[in-house]
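In case you want the letters, here they are:
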Amino acid sequence: MKEIVVISGKGGTGKTSITAAFAMLAGRNAVIADCDVDAADMHLLLQPDYARSEDFYSGFKAKIDQNLCIKCGKCKQVCRFDAVQKIDDSYNIINLDCEGCAYCAEICPVKAIQMVEQNVGKWYISQIKSEAQMVHARLGIGADNSGKLVAKVKKEAKNISQETGKDYILVDGSPGIGCPVVSSLSGANYVIVVTEPTLSGFHDMKRVFELIQNFKLPSGCIINKQDVNAEISEKIVEFCTTNKIDIISKLPYDETFSEAMTQGKTIIEFDEENLKNILKDSWSKILLLTDTH
Amino acid sequence: MKIAFTTKGTEWDSPIDPRFGRTDYFLIYDEEKDELSTVDNTEINEVAHGAGPRTAQKLFEQKPDVLITGNGPGGNAATVLNQSGIKIITGAGAMTAKEAYDAYKKGEL
């Protein structure tokens, strides 16, 4: 079983649209894991049935038991995040401001403050329209994606793929280079970077590549909207060649992507041949590269 | 020499966990004493952020000379480990701990 992870560095490069297309091409031979949990969009294209769901708990926040509180105000004094508010005569925690450091709970002379684990969202195991299984999650407002949640989603996907004897796990990672991205790369067999020839696209790709290098992972690049800026496109190719990043494919700027999306379709299901063929070739190439590395 | 492995279980036959920060266990083999011990790291599943440095600290306390794992540790973990002087060997992601040890001894990793 091999794990293929798609990331981008910069957001908006077309990572999810392309990953969803690959998910359709992989058919029932892959388990899909949507780890881009902050802005999980892949469900719009793959139509999961939300068959199984479970609550996800992460992080702690302080809670004051008003019956025990002696209103000494020490919690308010020590809080570095101004998360303790005095309303009339009682002290209250503003949940959005609380960072869960537990300083207040530690210092409270009557132990009136408990640290409560937060239910921050749900994770799901679904069947999608290609009849493959997908593991995905949805977070509540103000909750942040974390390495913990990504590790959880990937672990479930791994379990399913082992139980059902699938060859691949296809992971839609999150943009950026932070904790969730580190967690999505961890344990991968092959990494695909979807980038675009813009200043920020190239810049963020270079940063995310540092991370890939740390993990010593084999990687390949898809340049989306490659005709938007020929000069930067050329620089990306140069960068890839120097750093031994496989160049998987170049896609033209094409509004068919958005047209397909408004109909809730991946490009594979859309009546269009050029992009579809490039993506089909890309997927075959990726499987070959993943298996030979 | 003391050799540490990131593993999914607690025996020689346990598969290597390719991840560093979120590895379930460390298997520690002390070659001089011919002793195998394990360090449980499963509580890391409950940690939202900063798994890498936390696990690096735990490994550091074991004072191994060599770490054998699958992929390289990520940025933060790598920074901590570089200061520890522990030699990091990667590429054992698809092996068991025993296979990884043998491969390391033969200089194949």
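What you see is a predicted model, and the numbers here were worked out from it, not measured in a lab. (Residues numbered from 1 in each chain as written. Chains lettered and ligands numbered in written order. Predicted model: local features only at pLDDT ≥ 70, side-chain atom pairs only at ≥ 80, totals over all residues.)

Digging into the sheet that holds strand E3 (residues 35-40) of chain B
All names here are of chain B.
- Strands sit in the order E3-E2-E1-E4-E5 across an open sheet of five strands; the sheet is mixed. If you trace the sheet from one side to the other, it starts and ends with E3 and strand E5 (87-89), each paired once. Direction aside, neighbouring strands of the sheet carry axes that sit 20 degrees apart on average.
- Taken together, the six bridges between strand E2 (residues 25-30) and E3 define a ladder with antiparallel strand orientation. Along E3, the bridge assignment pairs Ile28 with Ser37.
- Where helix H3 (residues 97-105) meets the sheet, it contacts strand E1 (2-7), E2, strand E4 (66-68) and E5, and its direction lies at approximately 135 degrees from that of E1. (Pairing = 2+ DSSP bridges. Helix = DSSP H or I, 4+ residues; strand = E, 2+ residues; numbered from the N terminus. Axes fitted to C-alpha atoms, helices over the stretch in contact; angles between N-to-C directions. Contact = placed C-beta atoms within 7 Å.)

Digging into the confidence of the model for chain B
- Here chain B averages 92 in pLDDT, and 100% of its residues register 70 or above.
- Overall fold confidence for the complex sits at a pTM of 0.85, while the interface term, ipTM, reaches 0.72. (pLDDT = per-residue confidence, 0-100.)

Here we look at the interface of chain B and chain A
- Contacts between the two partners involve 16 residues from chain B and, on the opposite side, 16 residues from chain A.
- Every element with two or more residues in the side of chain B that touches chain A is listed here: helix H1 (51-61) and helix H2 (75-84) of chain B.
- In the side of chain B that touches chain A, the residues fall into five nonpolar, nine polar and two charged. (Nonpolar A, V, L, I, M, F, W, Y, C, P; charged D, E, K, R; others polar.)

Thoughts on the sheet that holds strand E8 (residues 168-172) of chain A
All names here are of chain A.
- With mixed pairing, the nine strands of this open sheet are ordered in space as E3-E6-E7-E2-E8-E1-E9-E10-E11. Looking along the sheet, the strands with just one partner apiece sit at the ends: strand E3 (52-64) and strand E11 (246-250). Neighbour to neighbour, the strand axes of the sheet diverge by 20 degrees on average, direction disregarded.
- Alignment of strand E1 (residues 2-7) against strand E9 (residues 190-195), held across four bridges, turns out to be parallel. Across the sheet, Val5 pairs through a bridge with Val191, a residue of E9.
- Contacts between helix H1 (residues 15-26) and the sheet are confined to E1, strand E2 (30-34), E8, E9 and strand E10 (219-223), with E8 contributing the most and set at about 160 degrees to the helix.
- Lying over the sheet, helix H8 (residues 230-242) contacts E9, E10 and E11, oriented at roughly 170 degrees with respect to E10.

Some thoughts on the domain arrangement of chain A
- Under the domain assignment, chain A is made up of domain 1 (2-47 + 128-292) and domain 2 (59-119).
- For domain 1 of chain A and domain 2 of chain A, the distance between their C-alpha centroids amounts to 42 Å. (Domains from an automatic or database assignment.)

Observations concerning the packing of H1(B) against H2(B)
All names here are of chain B.
- Taken N-terminus to C-terminus, the directions of H1 and H2 make an angle of 25 degrees; their axes are 7 Å apart at the nearest point. Between H1 and H2, the angle is such that the two are roughly parallel. In terms of crossing hand, the pair formed by H1 and H2 is right-handed. Judged by residue contacts, Gly52, Pro53, Thr55, Ala56 and Phe60 of H1 engage Asn76, Ala77, Val80, Leu81 and Ser84 from H2.
- For the contact of H1 with H2, the residue count by class is six nonpolar, four polar and no charged. (Parallel < 35°, antiparallel > 145°, perpendicular 65-115°, else oblique. Left-handed = near helix turned anticlockwise from the far one by under 90°.)

Overview of the environment of Ala56(B)
All names here are of chain B.
- Of note, Ala56 is situated in helix H1.
- Its 24 C-beta neighbours within 10 Å are what place Ala56 among the buried residues.
- For the pair Ala56 and Ala78, spaced 22 residues apart in the sequence, the C-alpha separation amounts to 8.3 Å.
- Setting aside residues up to four positions removed in sequence, Ala56 forms contacts with Ala77, Val80 and Leu81. (Buried ≥ 20, exposed ≤ 12 C-beta atoms within 10 Å, placed from the backbone.)

A short note on the environment of His203(A)
Residue and element names in this part refer to chain A.
- Tracing the backbone shows His203 in helix H7 (residues 199-214).
- With 14 C-beta atoms packed within 10 Å, His203 lands in the partly exposed category.
- Distance in space between the C-alpha atoms of His203 and Leu68 is 54 Å, their sequence separation being 135 residues.

Examining the nonpolar core
- Within the largest apolar cluster, 77 residues are counted, with the highest numbers of intra-cluster contacts made by Ala23(A), Leu170(A), Leu185(A) and Val191(A).
- Not counting the four nearest positions on each side in its chain, Val191(A) is found in contact with Val5(A), Ile7(A), Leu185(A), Ile212(A), Leu217(A) and Ser219(A).
- One finds Ile16(B), Leu27(B), Leu81(B) and Ala97(B) within the second-largest nonpolar core, a separate group that totals 21 residues. (Core = buried A, V, L, I, M, F, W, Y, C linked by C-beta atoms within 7 Å.)

Some points on unusual backbone geometry
All names here are of chain A.
- One non-glycine residue, Asp88, adopts positive backbone phi at about 50 degrees.
- In this fold, Asp88 is placed in the loop between strand E4 (84-87) and strand E5 (90-93).
- Using a count of 5 C-beta atoms within 10 Å as the deciding quantity, one classes Asp88 as exposed.
- Of note in this structure, Lys225 is not a glycine but carries a positive phi near 55 degrees.
- Following the sequence through the fold, Lys225 ends up in the loop between E10 and H8.
- For Lys225, a count of 20 C-beta atoms within 10 Å puts it in the buried group.

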